[in-house]
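What the coordinates show
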Amino acid sequence: MHSIHRLLGNSANSSAWKTCFMFNRWRRRSTNHWAVAELACVLFLLSSVSLGQRVVTATANIPFDFWAEGQKFAAGEYTFDTGFPGSTSVRRKGTKTTIAVPVITYGDPVRKEDAKIVFVLRGGKYYLAEFWCVSDRQVVTAEFDHRGQTTAGQREVQLNYP
């Protein structure tokens, strides 16, 4: 006989068989509970990620050259997408090049009529400083220490939503 039969005996009604059967049943249930808990966590994470990455697109006609992320942008029609946490993408109409500008959310959303982009004048150049969007207020990371301040020569451009 195998050693398991020696341990459990020949009887099918042996208490050892019952204990073994009950342990296996408990272990299957426990595993099923963990599987359900893991599935619930994954679904929760996926739903929160999809909610957090809602893309909000706006356009603006900027009548002057400006700087952001060390690059000069020519005057023109631009599209701004705020779909990724921590950045806003900037794309000039008619081009395929997109630049991601790192931002920090610091304020509440504004109405569509009040949505705007704020530029600050430093050294004779306009720098992209803030976005006042319908989703939230964002400050360009490099300008975080100056958020909400108005300066001489500051310019604001209306954001337009579809």
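This report concerns the structure included in the present document.

Criteria and thresholds
- Residues numbered from 1 in each chain as written.
- Predicted model: local features only at pLDDT ≥ 70, side-chain atom pairs only at ≥ 80, totals over all residues.
- Heavy atoms only, no water.
- Helix = DSSP H or I, 4+ residues; strand = E, 2+ residues; numbered from the N terminus.
- Buried < 20%, exposed > 50% of the residue type's maximum accessible area, 1.4 Å probe, protein only.
- Phe/Tyr/Trp six-rings, centres within 6.5 Å; stacked < 30°, edge-to-face > 60°.
- Lys NZ or Arg CZ within 6 Å of the ring centre and 35° of its normal.
- Contact = heavy atoms within 4.5 Å.
- Lys, Arg positive; Asp, Glu negative; His and termini not counted.
- Salt bridge = Lys/Arg side-chain N within 4 Å of Asp/Glu carboxyl O.
- Polar contact = N/O pair within 3.5 Å; in protein donor to acceptor, adjacent residues only side chain to side chain.
- Core = buried A, V, L, I, M, F, W, Y, C linked by side-chain atoms within 4.5 Å.

Let's shift gears to unusual backbone geometry. Even without being a glycine, E69 presents a positive backbone phi close to 55 degrees. Checked against the element boundaries, E69 lands in the loop between β2 (66-68) and β3 (71-73). Residue classification places E69 among the partly exposed residues on the basis of a relative accessible area of 43%.

On to the packing of aromatic side chains. Enumeration according to the criterion identifies 8 aromatic pairs in this entry. Cluster of aromatic residues (ring-pair linked, three or more members): F64, F66, F73, Y78, F80, F119, Y126 and F131. We note R155 situated over the ring of Y126; from NZ or CZ to the ring centre the distance is 5.4 Å.

Between the alpha carbons of E69 and T141 there is a distance of 9.7 Å; along the sequence they are 72 residues apart. Those residues in contact with E69, other than ones at most four positions away along the chain, are A100, V101 and P102.

Turning our eyes to something else, we now look at the side chain of E130. Topologically, E130 is positioned in strand β8 (residues 125-132). Nearest to the buried, unbridged E130 among oppositely charged side chains is R137, at 6.3 Å. Looking at E130, its side chain comes within polar contact range of the side chain of W132, at 2.8 Å.

Among the structural elements, K116 can be located in strand β7 (residues 116-122). Judged by relative accessible area, K116 falls into the buried class, the value being 15%.

One finds I62, F66, F80, F119, L128 and L159 to be the most contacted residues of the largest nonpolar core, which totals 28 residues. Sorting the residues of this core by element identifies β1 (57-62), β2, β4 (76-84), β6 (98-107), β7 and β8 as the ones contributing at least two each. Looking at which element gives the most residues to this core, the answer is β8, with 4 residues. For I62, the residues in contact, after removing those within four places along its chain, are A75, G76, Y78, F80, F119 and V157.

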